[in-house]
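Per-entry structural report
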Amino acid sequence: MLTWFGRSFWQKLPRGRPPGDPSWSSRHRVIVLVLLGHVFVLPFYGLYQGLHFSRCLLMVAPLAMLVAVACADQLSQRVRASAATLGIVASSAVTVSFSDGEIEAHFHFFVMLFFITLYQDWLTFLLAIGFVAFEHAIVGVLAPGDVYGHSPAEHAPVKYALIHAGYVTAAAVGAILNWRLTDRADAATREVTEQLEYDNSHDLLTGALNRREFETRISEVLTRIEEPDATVMCVLDLDRFKIVNDTCGHPAGDRLLVEVCWVLSEVLAPDDTLARLGGDEFGMLIRRASVEEAVGMAKAACTALAEYRFKTDDRTFSASASIGVLPLFGQVQYVEEAMQLTDAALYTAKEAGRGRVHVHHQGDAELNRRQSDSIWAGALLDALHEDRLELVYQPIVPTIPDEEETGRIGEILVRLCEADGSLISPGLFFPAAERYDLLPALDRSVVAKAMKTLAAHYLPGRPTNGDLYTINLAGPSIGDEKFRTFVQAQLAEHQLSPNLICFEITETVAITNLEAARRFITEMRATGIRFALDDFGSGLSSFAYLKNLPVDFLKIDGNFVKTITHDTIDRTMVAAVNQIGHEMGLRTVAEFVEDDAILAVLREIGVDYGQGYGLGRPGPLKSWLAERRPADAPAVVA
């Protein structure tokens, strides 16, 4: 029972943990200032009480010495705190002595005890209590007149020493209770602060570092990196994480991410850095004696994941991953650059077959291409936001001129207009648009701008003269229900005749999702829009798919056309495509018609139209429309 009571009592006491800097320094400064104030005030108080000035200085001199010790920064905190504690309780003793032991002067002890608890240290607190006990028990007996200001106490100093001890003890209990409450509040604050700091630097799901802390660690490495430093940065992406999410649900995917962290932690050394960057992407910083050894650790991590099997819902999945590796020394200066290069290395590993490691090295052509893609993606985004896409027109010309045919056909192409006015071919920015999922935004911008430009030339209710303008569409737009609604809304907004528009989709896009392409073509053709199947003949099963796509034009792949003057196989392919197209009631268009010799062969074969530099180079759409403006149409503002 006594043991339990003692343990319980001990647990309820303050822990006695002095606060760290800057809190300790600010509290110590307050106590020292209080002590210093006593050093200056007490001599004048003694004079006021009628004491000789020399006695006042003699009794205050020890307090001044303790102030000096308390202010000595070269001493430890404990020594300085002890000096300030002795000084501040001694100032109470001097105050009582100067007051001839008046009862009211003893209250000074109680106030000073609360100041001492600011240290939250049992050493200073017990030192203060010990001084008070010594001053009352010893000095009170030897010189009661300096401690007690009434005759009963002078005749019975022990009795009154015990009475004063009781009051001091009560004050001490109050101080300890206040200290305990402060201790609890500080502990709760520390716990919350530590949790916030942890949450701010760690991923809540896996417990690994988060992206922000990972980038901070990279920055620290880049600022201290010296040759021959062998730190490598890795970005890891799970190859088939989406399959787990889609088939077993997101909780299973979350468990996989946690287990991936376990696997990687088993491979990496304690000094290595592991972070979850987002989704199923992880980052690692590995430092070894050589780059080769560090890269070997990345390969070991890749192998460990490939061999690991994740089991859930009676199903088993591989946790294989692709890893991009960047040796940091001599390669980059900034965190953003490091992330870009490592990300490019990661995607190179994925394109090479997944489940492997690709190490970036200076002069890596593939990574340079990917860097170029990221630059062009940024330029394209700026152009989309600033409306700097320029539309150009290339005519599609009948191979045999027909005087009765009045309608003109041409393809609307897009160029990126740079700030200096120069036009950039889509061959440069289209791969970036494809990689960074910008094709839907590009399609919408081109369609909207083309319809707005055509609407200014072809007024509502006026004849279109059989003119037709083809516009290329990318794969993502074909399967997007919202894009169909967008097209219809643009036609209605500009009151443009759908008969003016022909959408081109490539054969590859069409056969990738045949049902979506067929549904899109059918619904759009119902509004009056026509369709052309572009690059026909590039697929292995072109003819098998053709009958399932209700298109109006068949554009023969230019790779066959440009060599038909000397390659009999290509000529046979063009002839076969043209014959099948005519059998199905489609009009055929040959691309890459670069000279009259190619055009002559196309006439002989019977292809309906040709398109290429030999028949007309692309030029600004607005200029072409202005030259062919009907008499009743307003001028197109260039």
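In this report, the structure presented in the accompanying data block is examined. (Residues numbered from 1 in each chain as written. Predicted model: local features only at pLDDT ≥ 70, side-chain atom pairs only at ≥ 80, totals over all residues. Heavy atoms only, no water.)

1. Focus on the overall build of the protein chain
The cut-off we apply is this: Helix and strand definitions here come from DSSP, where helices need a minimum of 4 consecutive H or I residues and strands a minimum of 2 consecutive E residues; each element is numbered from the N-terminal end. Only protein chains enter the area calculation, which uses a 1.4 Å probe; residues under 20% of their type maximum are buried, those over 50% are exposed, and those in between are partly exposed. When checking whether two residues touch, look at their non-hydrogen atoms; a contact exists if any pair is within 4.5 Å. We get accessible surface area from the Shrake-Rupley algorithm with a probe of 1.4 Å; when it comes to residues, only the shown protein chains can shield them.
Secondary structure summary: the protein chain contains 26 helices and 17 strands in total. For the protein chain, buried positions account for 45% of its 638 residues. Counting contacts in the protein chain only where the partners sit at least 6 residues apart, residues at least 24 apart contribute 70% of the total. Approximately 32,000 Å² of the protein chain is accessible, and the part contributed by carbon and sulfur atoms is 57%.

2. Overview of the packing of helix α3 (residues 53-70) against helix α4 (residues 77-98)
Convention followed: Only the stretch in contact is used when a helix axis is fitted, and all axes are lines through C-alpha atoms; the angle between N-to-C directions ranges over 0 to 180 degrees. Angular relationships are summarised with four words: roughly parallel below 35 degrees, roughly antiparallel beyond 145, roughly perpendicular across 65 to 115, and oblique for the angles in between. Should the near helix be turned anticlockwise from the far one by less than a right angle, the crossing is left-handed, and should it be turned clockwise, the crossing is right-handed.
At a minimum axis distance of 7 Å, the contact between α3 and α4 shows a crossing angle of 160 degrees. The angle between α3 and α4 places the two elements in the roughly antiparallel class. Handedness of the crossing formed by α3 with α4: left-handed. Listed contacts from α4 to R55, C56, M59, L63, L66, V69 and A70 of α3 are V79, R80, A83, A84, L86, G87, A90, S91, V94, S97 and F98.

3. Focus: the packing of α4 against helix α5 (residues 107-116)
The axes of two packed helices give the description: the angle between them and the distance between them. How we decide: Here the nonpolar group is Ala, Val, Leu, Ile, Met, Phe, Trp, Tyr, Cys and Pro; Asp, Glu, Lys and Arg are the charged ones; every other residue, Gly included, is treated as polar.
Orientation of α4 relative to α5, taken along the N-to-C sense of each, is 170 degrees, at an axis distance of 9 Å. If you check the angle between α4 and α5, you find them roughly antiparallel. Touching T85, I88, V89, S91, S92, A93, T95 and V96 of α4 are H108, F109, M112, F115 and I116, all from α5. Tallied by class, residues from the contact of α4 with α5 come to eight nonpolar, five polar and no charged.

4. Observations concerning the environment of R530
Heads up, the rule is: Nitrogen and oxygen atoms within 3.5 Å of one another constitute a polar contact, given that in protein one can donate a hydrogen and the other can accept it, and given that sequence-neighbouring residues count only through two side-chain atoms.
As for its position among the elements, R530 is in strand β13 (residues 530-536). For R530, a relative accessible area of 23% gives the class partly exposed. A C-alpha to C-alpha distance of 6.4 Å links R530 and I501, two positions 29 residues apart in sequence. Excluding residues that lie within four positions of it along the chain, R530 makes contacts with L468, N499, I501, C502, F503, D552 and R587. A polar atom in the side chain of R530 sits 2.7 Å from the backbone oxygen of N499.

5. Observations concerning the sheet that holds strand β3 (residues 281-287)
In any sheet, the strands associate via hydrogen bonds between backbone groups, in a parallel or an antiparallel arrangement. Selection rule: Here a strand pair is declared whenever DSSP counts at least two bridges between the two strands.
Spatially, the five strands line up as an open sheet ordered β2-β3-β1-β6-β7, and their pairing is mixed. The sheet terminates laterally at β2 (273-278) and β7 (357-359), the two strands that pair on one side only. On average, adjacent strands in this sheet sit at an angle of 20 degrees to one another, irrespective of strand direction. Strands in contact with helix α13 (residues 291-307) are β1 (231-238), β3, β6 (321-327) and β7; relative to β6, the strand with the most contacts, it is inclined by about 170 degrees.

6. Digging into the pattern of salt bridges
Using the following cut-off: For this document, the term salt bridge refers to a Lys or Arg side-chain nitrogen within 4 Å of an Asp or Glu carboxyl oxygen.
Per the stated rule, a full pass over the model turns up 21 salt bridges. Of the charged contacts in the structure, one is a salt bridge between E523 and R484, with a shortest N-O distance of 2.9 Å. Separated by 39 residues along the polypeptide, E523 in helix α21 (residues 514-525) and R484 in helix α19 (residues 481-494) bring together distant segments of the chain. E523 gets classed as partly exposed once you look at its relative accessible area, which sits at 35%. On the basis of relative accessibility, which here comes to 3%, the residue R484 falls in the buried class.

7. Digging into the packing of aromatic side chains
Put simply, the test is: Ring pairs shown here join Phe, Tyr and Trp side chains whose ring centres sit within 6.5 Å, with only the six-membered ring taken for Trp; geometry is labelled stacked below 30 degrees between planes, edge-to-face above 60, and tilted in between.
Tallied over the full model, the rule gives nine aromatic pairs. With 6.2 Å between their ring centres and 85 degrees between their planes, Y469 and W624 make a pair best called edge-to-face. Pair noted here: Y469 is in strand β11 (residues 468-472) and W624 is in helix α26 (residues 621-627), with a separation of 155 residues, a long-range link. Overall, Y469 belongs to the buried group, its relative accessible area being 0%. Taking the relative accessible area as the measure of exposure, W624 reaches 13% and is therefore buried. What links up through ring pairs into an aromatic cluster is the set F483, F486, F503, F520 and F531.

8. As for the environment of F429
As for its position among the elements, F429 is in helix α16 (residues 426-435). The exposure class of F429 is buried, given its relative accessible area of 0%. Taking the C-alpha atoms as reference, F429 lies 6.8 Å from A377; in sequence the two are 52 residues apart. Excluding residues within four positions of it along the chain, F429 makes contact with W376, L380, V414, R415, L416, I424 and L442.

9. Considerations on the side chain of D272
Note on placement: D272 falls in the loop between α12 (250-267) and β2. Contact partners of D272, with chain neighbours within four places excluded, come to L285, I286, R287 and R288.

10. Topic: the pairing of strand β12 (residues 501-506)
Counting buried positions along β12 gives five out of six residues, so the element sits mostly inside the fold. Examined bridge by bridge, β11 and β12 share four bridges and lie parallel to one another. Looking at β12, one finds that Y469 is bridged to I501. The pairing of β12 with β13 spans five bridges and is parallel. Bridge pairing in β13 places T506 opposite D534.

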